[in-house]
Amino acid sequence: MEADRKLITDLTPEIEKTSIKWYITFFIFLAFFAVGIYGLYQQIDKGHIVTGMRDNVVWGFYIVNFIFFMGLSYSGALISGVLHLFHTGWRKPIIRMAELITIISLIIGPFFIFFCIGRLDRLHFLFLYPRIQSPITWDVIAIITDLVGCFLYLYLSFIEDFAILRDYPDLKVAPWKKKLYKTLSLGFTGTEQQHKILSNARMVMAAMVIAIAIIVYSVLAWIFGVTLQPGWHSTIFGPYFVIAAVFSGTGLLIILMWIFRKIYHLEEYITQRHFVNVGVLLTVIAAFYGYFTFSDYLTKWYGSIKMDSILIDKLFTDYYSLFIFANYIGILLPCIIIAFPKFRTIPNITIAAIIAVTALLVNRYIIVIPTLETPFLPIQDTRPDWITYSPTWVEWSLTLAGVSVFAMLFMLVSKIAPIISISEMQEKDKNEIMK
Amino acid sequence: MRKKIIYAILVLSVLPFFTLRTFGQEVTKITPYVTLQYLKNSESKRILQTTLTYSKNRMEIPLQGMEISLFTGTEKKETIAHVVTDNKGIAKFEITGDTKLISDKSGAWTFTSEYNGNDSIDAGKSEIVIKDVNLEMSLTLVDTIKTITVKATVMENGKEKPAAGEVVKILVPRMFSNLLISELTLDDSGSATAEFPSDLPGNKEGNLTVLAKFEENPVFGNVEKSETLKWGLTTDYSVPKSHRALWTKTAPKWMIYTLSVLLTGVWGHYLFALISLIRININAKRKAREEYKI
């Protein structure tokens, strides 16, 4: 397996030497992570009283983060799977990022469930006494299945790159890294038969990760949908969650493309065309997402079921600004920015993506919290702080810790593997890709 | 240079821990809440129950292992007992025939519960004035109608007087709380009657408990009288034989089949991918052997 020096230098900027910028950035994220650990210590020591969760709002920011990170993961799988399966020519510089979003988010997401559970010592009961009828059991099975599948899919895409790095004679890396590349490349030498086997396996897994992503995120949506809570009990919730996930994942992909392009000077590989293409994808998904959102709320509004009406009133009063941002600005503004060709610059598309991702996080918040703040039964001796929810510093610190871990894992991966697939970039159709 | 920067970042990353500590709250004394209740049960057993708690983040938190003194009398107080609070912040004392109680001219007892405080908790006390009431309940069938009659008298200046105008609740204990059947106001003779519903479920034999109660009465405290009899409908609480359903222990067959097919399909494809990896490795080894032979 051979590759030219330029490709290796450009696409593996942190493998041979670590820059000071890398260390500074990493330690900043590590500091945020440390504050999160301190928050977690406080929570373990004093209990969930240090969070904003009370009798009614038992799912707070942790569950919001869980849904958000899992959404990013499934969208990463969907995007990479679809781009790979349909042999989209321009996919090659960005597909690795989508795959990494999948795995890293999938690792971080479930931790927020652990933070939310009051009796973590009973967690193993889920495996010892599972009830197949429970959507929670479906979710546990689905997440494990998805994690294994995505790891396999990512690994399949890495094999050729590991083989290239193993065989490159001038690569100045520590002996353990060389050994790692040798082991993980499984002796891949690029024979026709090996290519065929690998290609078949990747195609099968690409199809599988698409199917799994849709099923698994629908299962997560059903955890909400199968309950009789106002705002959650909706038949549209499964596809609505899936489309919302792809919306946030596409946005994050654009943000990461901008960051990596800027930091590692990948202008030659990640061009404006990539931003425009993914941006157009974001616009199309935003339109679908907006349609689903409108359809969901309109049906509830006209249904005039008492609790749904109370909930919608609450969304348009107590949560007015968040609701408008998540469901109007967060959908329309990215569409407007990307729809007009003269606005389609790289910074503008990135800003549109940031708005989309933030709006989606807020959307998750207004799906989870206002519903729990709208209990069916009147409560005796009720107090506002038992009903209303606001996250405490502990929840904020653990949220920031999650984001920091996401960034740190991305940085650590860039230390051992190419951030853009070398093997795909050196294929014959490279010039075609760059068009 | 690089090392210095790394050290500086390390120091900076540790700083948040120290800064967080500086925001710690100052230690202030806890202001406790002391409550005192008088309870008289069906067997005329009289109990003084005191609680010691404090409020934090609008939550009531019990103070455990604290000594509370109980007194009787107003001007001249006499100690009845010293009790210690349990893990719920509750301490109880049973008033027996040996307990010396000081009553005022009207025959009322004044009880005081006093906590002296310590270095971290302020002192606190609570006081109640109680008149000893005699509550009676009779359950009879009047023309096949289940009738409850309650009568209450109170000792005043050595004479027994009817507790006219006071409210007695008729309750039936259910699984989670007491079901209110009727709220009776006692007439001038201190008595009142109520009809008992005929459709209330009892246990397997139809037994249920009827409770007449002065609840949180400002003069009498909590005084109750209870009786268990066959006034309920017979019910069979035996668990039906489990069947396959969403709400039973065993899942419906279609659900098991669907999940099994789905999982087999997905994990089957994973197996295919794993076998592909093994095949790549075998192919590489074979090729290496062939090159070695050459």
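Just so you know, these numbers come straight off a predicted model, no measurement behind them.

Bringing the packing of helix 10 (residues 272-303) of chain A against helix 11 (residues 306-315) of chain A into the picture now. All names here are of chain A. As a packed pair, helix 10 and helix 11 sit with axes 8 Å apart at the nearest point and diverge in direction by 125°. Considering the angle they form, helix 10 stands oblique to helix 11. You can see that helix 10 and helix 11 cross each other, and the crossing is left-handed. Facing helix 10, whose interface residues are Tyr297, Lys300 and Trp301, helix 11 presents Asp308, Ile312 and Leu315. Of the residues belonging to the contact of helix 10 with helix 11, the class tally is four nonpolar, no polar and two charged.

Turning to the packing of aromatic side chains, a few remarks are in order. Residues and elements named next belong to chain A. Summed over all chains, the structure comprises 42 aromatic pairs over all chains. For the ring pair Phe69 and Phe406, a centre distance of 6.4 Å and an interplane angle of 45° mean the geometry is tilted. With a gap of 337 residues between them, Phe69 in helix 3 (residues 61-85) and Phe406 in helix 15 (residues 393-416) connect regions that are remote in the sequence. Like Phe69, the residue Phe406 is buried in the burial classification. The side chain of Arg364 reaches across the aromatic face of Phe241, ending 4.6 Å from its centre. The cationic tip of Lys415 hangs over the ring face of Trp22; the distance from NZ or CZ to the ring centre is 5.7 Å.

Our next topic: unusual backbone geometry. Residue and element names in this part refer to chain B. In this model, Ser44 sits at a positive phi of 60°, which is unusual for a non-glycine residue. Looking at the secondary structure, you find Ser44 in the loop between strand 1 (32-40) and strand 2 (46-56). Phi at Thr144 takes a positive value of approximately 65°, unusual for a residue other than glycine. With respect to the helices and strands, Thr144 occurs in the loop between strand 9 (133-142) and strand 10 (145-156).

Attention now moves to the pattern of salt bridges. Residues and elements named next belong to chain B. The tally for this structure, following the rule as stated, stands at 15 salt bridges over all chains. Across the pair Lys29 and Asp122 runs a salt bridge, and its minimum N-O distance is 3.9 Å. With Lys29 in the loop between helix 1 (2-22) and strand 1 and Asp122 in the loop between strand 7 (109-115) and strand 8 (124-130), the pair connects residues that are 93 residues apart, well separated along the chain. Here Lys213 ties to Glu224 by a salt bridge, and the two come within 3.9 Å at their closest N and O atoms. Remark: Glu224 occurs in strand 16 (residues 221-229) and Lys213 occurs in strand 15 (residues 208-217); sequence separation between them is eleven residues. Taking the relative accessible area as the measure of exposure, Lys213 reaches 14% and is therefore buried. The class for Glu224 is partly exposed, based on a relative accessible area of 25%. Here the salt bridges do not stand alone but share partners, grouping Lys169, Lys213, Glu215 and Glu224 into one network.

Looking now at the pairing of strand 5 (residues 78-84) of chain B. All names here are of chain B. As judged from the six bridges shared by strand 4 (residues 67-72) and strand 5, these two strands associate in the antiparallel manner. Of the residues in strand 5, the one forming a bridge with Ile68 is Val83. Between strand 4 and strand 5, which pair antiparallel in sequence order, lie five residues; one of them, Gly73, sits at a positive phi of approximately 95°.

On to the interface of chain A and chain B. Across the boundary between the two partners, chain A contributes 43 residues, which contact 41 residues of chain B. A combined buried area of about 3700 Å² lies between chain A and chain B, and 76% of that area is made up of carbon and sulfur atoms. At the junction of chain A with chain B, the criterion picks out zero salt bridges. The interface formed by chain A and chain B contains 14 residue pairs in polar contact (both at pLDDT 80 or more). Those elements that place two or more of their residues in the side of chain A that touches chain B are helix 2 (20-46), helix 6 (135-167), helix 8 (192-225) and helix 14 (384-387) of chain A. If one sorts the elements of the side of chain A that touches chain B by residue count, helix 8 of chain A sits on top with eleven residues. Across the side of chain A that touches chain B, the residue classes tally to 29 nonpolar, ten polar and four charged.

Glancing now at the domain arrangement of chain B. Residues and elements named next belong to chain B. Domain parsing of chain B yields domain 1 (32-130) and domain 2 (133-229). Each of domain 1 and domain 2 was reduced to a C-alpha centroid, and the two centroids are 27 Å apart. Domain 1 puts eleven residues into the contact, and the matching count from domain 2 is 15 residues. Here domain 1 and domain 2 share zero salt bridges between them.

Taken as a whole and assessed by the stated rule, the structure comprises two cavities of 30 Å³ or more. In this model, the largest cavity occupies a volume close to 70 Å³. Together, A:Gly231, A:Phe237, A:Asp296, A:Tyr297, A:Lys300, A:Leu311, A:Leu315, A:Ile366, A:Ile367 and A:Thr371 line the largest cavity. Of all the elements in the fold, those that place two or more residues in the lining of the largest cavity are helix 10, helix 11 and helix 13 (346-372) of chain A. Residue composition of the lining of the largest cavity, grouped by class: six nonpolar, two polar and two charged. Its volume calculated, the second largest cavity comes out at about 40 Å³. As for the second largest cavity, its lining consists of B:Lys40, B:Asn41, B:Ser44, B:Val133, B:Asn134, B:Leu135, B:Val223, B:Glu224 and B:Lys225. At the level of elements, strand 9 and strand 16 of chain B are the ones that each hand at least two residues to the lining of the second largest cavity.

The rules behind these values
- Residues numbered from 1 in each chain as written.
- Chains lettered and ligands numbered in written order.
- Predicted model: local features only at pLDDT ≥ 70, side-chain atom pairs only at ≥ 80, totals over all residues.
- Heavy atoms only, no water.
- Axes fitted to C-alpha atoms, helices over the stretch in contact; angles between N-to-C directions.
- Helix = DSSP H or I, 4+ residues; strand = E, 2+ residues; numbered from the N terminus.
- Parallel < 35°, antiparallel > 145°, perpendicular 65-115°, else oblique.
- Left-handed = near helix turned anticlockwise from the far one by under 90°.
- Contact = heavy atoms within 4.5 Å.
- Nonpolar A, V, L, I, M, F, W, Y, C, P; charged D, E, K, R; others polar.
- Phe/Tyr/Trp six-rings, centres within 6.5 Å; stacked < 30°, edge-to-face > 60°.
- Buried < 20%, exposed > 50% of the residue type's maximum accessible area, 1.4 Å probe, protein only.
- Lys NZ or Arg CZ within 6 Å of the ring centre and 35° of its normal.
- Salt bridge = Lys/Arg side-chain N within 4 Å of Asp/Glu carboxyl O.
- Pairing = 2+ DSSP bridges.
- Buried area = accessible area lost by both parts, 1.4 Å probe.
- Polar contact = N/O pair within 3.5 Å; in protein donor to acceptor, adjacent residues only side chain to side chain.
- Domains from an automatic or database assignment.
- 1 Å grid on protein atoms, 1.4 Å probe; cavity = no way out; pocket = protein on both sides within 12 Å on 5 of 7 lines; lining within 4 Å.
- Points joined across faces, edges and corners; volume = space filled by probe spheres on them.

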